[in-house]
Amino acid sequence: MKPRLLALWWCLWVSGALFLTACIDLAAALPPTPSPFPTLARLPTVTPVTPQPTRSPVTIVLVPPSTVTPTTSRLAGRVSVEANLRNGPGTSFRIITVVPANTEVLLEGQRANWYIVRLPDGQTGWMSATVLEVAPDIAARVPVAAP
């Protein structure tokens, strides 16, 4: 190759390399291309809190088995909210009827926060202590029911 042609080829090669280097910087100098989708600011992440049910305390009284003994004084309570009368001391027992709020009931026995009650119409069944208003002195005198 002739030295002149070699020099020309070398100049073209160096010019091309410089041009490509300039193109790299040119891409950085161009404004960003718009996105077809809007870009939203990132919101802070929040760890979700799963609500936990609140449970009312349950008092379990362990006593030797006994029968319900009738009392001579009148042990009464009042239904605080519309509530179920059940055929056993727990929510798994069948509902006999629904008792309206403010109904006065006679307390015939108790076991583990449940009372055996007698309604004004004579029906008997179990009601949770959480739906009854019972004075503390009366609650202390209600006999424990046999299982």
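Along each chain, residue indices are assigned from 1 in the same order as the chain's sequence is written. With the structure being a predicted model, the display of local features is reserved for residues of pLDDT at least 70 and the display and counting of side-chain atom pairs for 80 or more, all residues being used for whole-chain, interface and lining totals. In computing side-chain values, all of the structure's heavy atoms are included and hydrogens and water are not.

Participant: Provide a residue-level description of the nonpolar core, including the pertinent values.
Facilitator: Definition used in this section: a nonpolar core is a set of buried Ala, Val, Leu, Ile, Met, Phe, Trp, Tyr and Cys residues joined via side-chain atoms within 4.5 Å. Residue exposure (1.4 Å probe, protein chains only): buried if accessible area is under 20% of the type maximum, exposed if over 50%, otherwise partly exposed. Grouped together as the largest cluster of nonpolar side chains are 16 residues, with contacts concentrated most on Val79, Val105, Leu107, Tyr115, Val117, Met127 and Leu132. A run of H or I in DSSP counts as a helix once it spans at least four residues, and a run of E counts as a strand once it spans at least two, with each numbered from the N terminus. Elements supplying a minimum of two residues to this core: β2 (83-86), β4 (104-111), β5 (114-118) and α2 (136-141). Whether two residues are in contact is decided by their heavy atoms, any of which lying within 4.5 Å being enough. When residues no more than four places from it in sequence are discounted, the contact partners of Val117 are Leu85, Val105, Leu106, Leu107, Gln123, Thr124, Gly125, Met127 and Leu132.

Participant: Talk me through the pairing of strand β6 (residues 124-128); I want residue IDs and the actual numbers.
Facilitator: Extensive coverage of β6 is indicated by the burial of four of its five residues. Note that β5 and β6 share five bridges and pair antiparallel. Looking at the pairing, Arg118 lines up with Thr124 of β6. Note on pairing: two strands pair once DSSP finds at least 2 bridges between them. Linking β5 back to β6 in an antiparallel pair, the connection comprises five residues, with Gly122 at a positive phi of about 100 degrees.

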